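Residues per chain, in single letters:
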Amino acid sequence: MPLLAVETSCDETGAAVVHQGRVLSNVVSSQISLHAEYGGVVPELAAREHLRNLIPVVRLALRDASVAADQLDAVAATRGPGLPSALMVGFKAAQAVAFVLGRPFLGIHHHEAHLYSPWLKGQPPVAEFSKFQPNLSLIVSGGHTLLVHVRAELDHTLLGSTVDDAAGECFDKVGKLIGLPYPAGPEIDRLAEGGNPKAFDFPRPMIDDPSDDFSFSGLKTSVRYFLRDHPTLLDDPQHVRDLCASAQAAIVDVLVTKTIRAAKRLRVGCVTASGGVTCNRALRQRLTDACERERLTLLLAGSSLCTDNAAMIGILAERKLKLRSEETTIDADILPNWALG
Ligand code: KG4
Ligand code: ZN
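Residues numbered from 1 in each chain as written. Chains lettered and ligands numbered in written order. Predicted model: local features only at pLDDT ≥ 70, side-chain atom pairs only at ≥ 80, totals over all residues. Heavy atoms only, no water.

Caption draft 1: Layout of helix H6 (residues 185-192). Within H6 the residues assigned to the buried category are Gly185, Ile188, Asp189, Leu191 and Ala192. Tucked into the core, H6 has its buried residues touching helix H5 (167-178), helix H8 (237-265) and helix H9 (281-293). (Buried < 20%, exposed > 50% of the residue type's maximum accessible area, 1.4 Å probe, protein only. Helix = DSSP H or I, 4+ residues; strand = E, 2+ residues; numbered from the N terminus. Contact = heavy atoms within 4.5 Å.)

Caption draft 2: Structural detail: a nonpolar patch on the surface. Together, Phe99, Val100 and Ile330 make up an exposed nonpolar region whose accessible area comes to about 330 Å². Along the chain, the position of phenylalanine 99 falls in helix H3 (residues 84-101). (Patch = residues over 30% accessible without salt bridge, like charges linked within 9 Å, V, L, I, M, F, W, Y side chains within 5 Å. Areas by Shrake-Rupley, 256 points an atom, 1.4 Å probe, with all protein chains shown as cover. Salt bridge = Lys/Arg side-chain N within 4 Å of Asp/Glu carboxyl O.)

Caption draft 3: Focus on the packing of aromatic side chains. Tallying each qualifying case throughout the model produces six aromatic pairs. A centroid spacing of 5.0 Å and a plane angle of 35° characterise the contact between tryptophan 119 and phenylalanine 132, whose relative ring orientation is tilted. On the criterion of sequence distance, the pair formed by tryptophan 119 in the loop between helix H4 (110-114) and strand E6 (120-121) and phenylalanine 132 in the loop between strand E7 (126-127) and strand E8 (135-140) is long-range, its members being 13 residues apart. Both residues of the pair, tryptophan 119 and phenylalanine 132, count as buried. A centroid spacing of 4.9 Å and a plane angle of 55° characterise the contact between phenylalanine 200 and phenylalanine 226, whose relative ring orientation is tilted. Of the two residues, phenylalanine 200 is situated in the loop between H6 and helix H7 (217-229) and phenylalanine 226 in helix H7; the sequence distance between them amounts to 26 residues. According to the relative accessible area criterion, phenylalanine 200 is buried, its value standing at 16%. Overall, phenylalanine 226 belongs to the buried group, its relative accessible area being 16%. Here a set of aromatic residues connected by ring pairs shows up, and it is made of Phe200, Phe202 and Phe226. The ring of tryptophan 338 has arginine 79 lying over it, and the distance from NZ or CZ to the ring centre is 5.9 Å. (Phe/Tyr/Trp six-rings, centres within 6.5 Å; stacked < 30°, edge-to-face > 60°. Lys NZ or Arg CZ within 6 Å of the ring centre and 35° of its normal.)

Caption draft 4: View of the site of ligand 1. Residues in contact with ligand 1 amount to 18 residues; listed here are only the nearest, Gly142, Asp172, Asp189, Gly276 and Asn280. Here glycine 276 contributes a backbone N or O atom positioned 3.0 Å from an oxygen atom of ligand 1. Asparagine 280 is positioned such that a nitrogen or oxygen atom in its side chain is 3.0 Å from a nitrogen atom of ligand 1. Summarising the interface, the protein chains cover 88% of the accessible area of ligand 1, which totals 550 Å² for the free molecule. (Near = heavy atom within 4 Å. Polar contact = N/O pair within 3.5 Å; in protein donor to acceptor, adjacent residues only side chain to side chain.)

Caption draft 5: Representation of the sheet that holds strand E11 (residues 270-274) in the model. What the five strands build is an open sheet, ordered E10-E9-E8-E11-E12; its pairing is mixed. The strands lining the two open edges of the sheet, one partner per strand, are strand E10 (155-161) and strand E12 (297-300). In this sheet, neighbouring strand axes are inclined to one another by 20° on average, regardless of whether the strands run parallel or antiparallel. Bridge count between E11 and E12: four bridges; the pairing is parallel. Residue pairing across strands places alanine 273 opposite leucine 300, the latter belonging to E12. Packing of H8 onto the sheet brings it into contact with E8, strand E9 (145-152), E10 and E11, and relative to E8 it is tilted by some 155°. (Pairing = 2+ DSSP bridges. Axes fitted to C-alpha atoms, helices over the stretch in contact; angles between N-to-C directions.)

Caption draft 6: Region of the structure containing the coordination of the zinc ion (ligand 2). Only His110 (NE2), His114 (NE2) and Asp308 (OD) from the protein coordinate the zinc ion (ligand 2), and they sit 2.1 Å from it. Between consecutive donors of the zinc ion (ligand 2), the numbers of intervening residues give the motif H-x3-H-x193-D. Taken together, the residues histidine 110 and histidine 114, both in helix H4 and four residues apart, mark about one turn of the helix. What makes histidine 110 buried here is its relative accessible area of 5%. (Donors = N, O, S within 2.8 Å, 3.2 Å for Na, K, Ca; no water.)

Next up, the structure:
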């Protein structure tokens, strides 16, 4: 049963067609360049851009999958959490498609979908749910830093989240202090490669806190004070690389330490990670090393599935329809503050 999925929770317009755990197409139109000018996502602009892009993106997803609209068996869309005006565009359009076709509709929790993107393997991606095992899942993006205990398929508990800035937000704010354009994470990743992660000692907030919560705003502030006290530091490109490597090491250290600690405490044998920051090479390497040491299976979402996309929405929707016959009413509303149960 081909299923069309739509994702418009933030600044990526996504549409995908999935069929029996296979991603037949996955189209993402990113708005990064539009928002870069403002140093962050402007909700009203995001919504207008979704309105402009949604139909071409859906058309392309159907064409790539060689599926005609009337061959669709179900339609899904991100229902929340996210920017209200952005969510509304994709969610309401998807409901309209389902209504016109007379097919089941499903509203999906954006973070719940992230939990399953690491299970998509290969090209084209296929969901390896036959290999599913209970896991500890790290979701790290520009808006969220979450640790989730996934006990079984469609059965999870949120363990902790950030009490202030998200990890990606910290990358972006540190980058802004250095003078890098938004979003700065990928550029910090690149610059850090040539830097010494031990050059400067930045704090690892809440690393020893027994909770599964995170805090990153103090780290950003300490970088700000450090630059205030060393006003000429950024004149030397090697110092910039060292600063990127040192700040990145602090963020990665906290993420990896707390993820592994939670996995051991809950006695799960598997760790998964997704969200834009999972593209970070230092984080991928540190998670790989730590999981090897602790004999934990590690599943990292592939680069194109780390960031926001509709394929993960479609894969979860298909699973919910299959295992639970779950549906969302055609006149249901978006849930911008939907908590991950
Ligand atoms: O998941 P995502 O595309 O969008 C949401 O925030 O929902 O994540 C974007 C975030 C940005 O903060 C960006 O700087 C960060 O992910 N990011 C990275 C890297 N690639 C993207 N952070 C560190 N290293 C990277 N390679
Ligand atoms: Zn996301």
